[in-house]
Amino acid sequence: MKLAEALQERADLNRKIAQLRNRLELNATVQEGENPAENPADLLNELDECIKRLEELITRINLTNCTTEIEGKTLTAHIAKKDCLTLKIASYRDLLDAASSISQRASRTEIKILSAVDVKTLQKKSDEMSKELRQTDNTIQQANWQTELK
């Protein structure tokens, strides 16, 4: 099984577990004299099986990510870089949005609001980081489809 397939299965399992938890909640109580729409014991068994499979997948995915090297760095390091770039870009974009939304003055007596940062320079830096993020993500995706799960 390729790493990418394991990642897809992990996502599917997470969705299924969320659905099972919801179904368990819906069938946890019932009016006296009535039966639940689904047997909670059966749902719990299914939930336990899904969580057991999820634990196995997470272990194997993490092991694979820690031992797979691409361009001199582990896949885990590439993922950390991607996550941090995503956070940094979001922070820069929030700052750019705030700095770019300068209100207009209706008359000379109103307070003039100015940007405290160089928007053009920050935008260029944000664009460069976005390119680096795309390249990092492409590297990760390529590795996911080429790497066998351990």
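Here, the structure is the one placed above.
Cut-offs applied
Residues numbered from 1 in each chain as written. Predicted model: local features only at pLDDT ≥ 70, side-chain atom pairs only at ≥ 80, totals over all residues. Heavy atoms only, no water. 1 Å grid on protein atoms, 1.4 Å probe; cavity = no way out; pocket = protein on both sides within 12 Å on 5 of 7 lines; lining within 4 Å. Points joined across faces, edges and corners; volume = space filled by probe spheres on them. Helix = DSSP H or I, 4+ residues; strand = E, 2+ residues; numbered from the N terminus. Axes fitted to C-alpha atoms, helices over the stretch in contact; angles between N-to-C directions. Parallel < 35°, antiparallel > 145°, perpendicular 65-115°, else oblique. Left-handed = near helix turned anticlockwise from the far one by under 90°. Expected span 1.5 Å × (residues − 1). Buried < 20%, exposed > 50% of the residue type's maximum accessible area, 1.4 Å probe, protein only. Contact = heavy atoms within 4.5 Å. Polar contact = N/O pair within 3.5 Å; in protein donor to acceptor, adjacent residues only side chain to side chain.

This part is about the layout of surface pockets. Considering only enclosed or pocket space, the largest pocket measures out at about 230 Å³ in volume. Along the wall of the largest pocket there are 13 residues; nearest its centre are Leu7, Arg10, Ile79, Ile140 and Asn144. At 4 residues, the largest contribution of residues to the lining of the largest pocket is made by helix α4 (residues 119-146).

Take the packing of helix α3 (residues 75-100) against α4 next. Closest axis-to-axis distance for the α3/α4 pair is 9 Å, and the angle between their directions is 155°. With respect to α4, the axis of α3 lies roughly antiparallel. The way α3 lies across α4 gives a crossing that is left-handed.

The next point concerns the packing of helix α1 (residues 3-26) against helix α2 (residues 40-67). Two numbers describe how α1 lies on α2: the axes approach to 9 Å, and their chain directions differ by 155°. In terms of their interaxial angle, α1 and α2 are classed as roughly antiparallel. Viewed along their axes, α1 and α2 form a crossing whose handedness is left-handed.

For the rest of this paragraph, the subject is α3. Here α3 is 26 residues long and its end C-alpha atoms lie 37 Å apart, about the 38 Å a rise of 1.5 Å per residue gives. Considered for burial, the residues of α3 that qualify are Leu75, His78, Leu85, Ile89, Leu96 and Ala99. On the buried face of α3, the contacting elements are α1, α2, β1 (69-70), β2 (73-74) and α4.

Moving on, we get to α2. Helix length check: α2, at 28 residues, gives a terminal C-alpha distance of 40 Å against a target of 40 Å (1.5 Å per residue), a fit within 8%. Listed in full, the buried residues belonging to α2 are Leu43, Leu47, Cys50, Leu54, Leu57, Ile61, Thr64 and Asn65. Residues of α2 that are buried in the fold lie against α1, β2 and α3. Structurally, the start of α2 carries an N-cap: the backbone nitrogen of Ala41 is 2.9 Å from a side-chain oxygen of Asn39.

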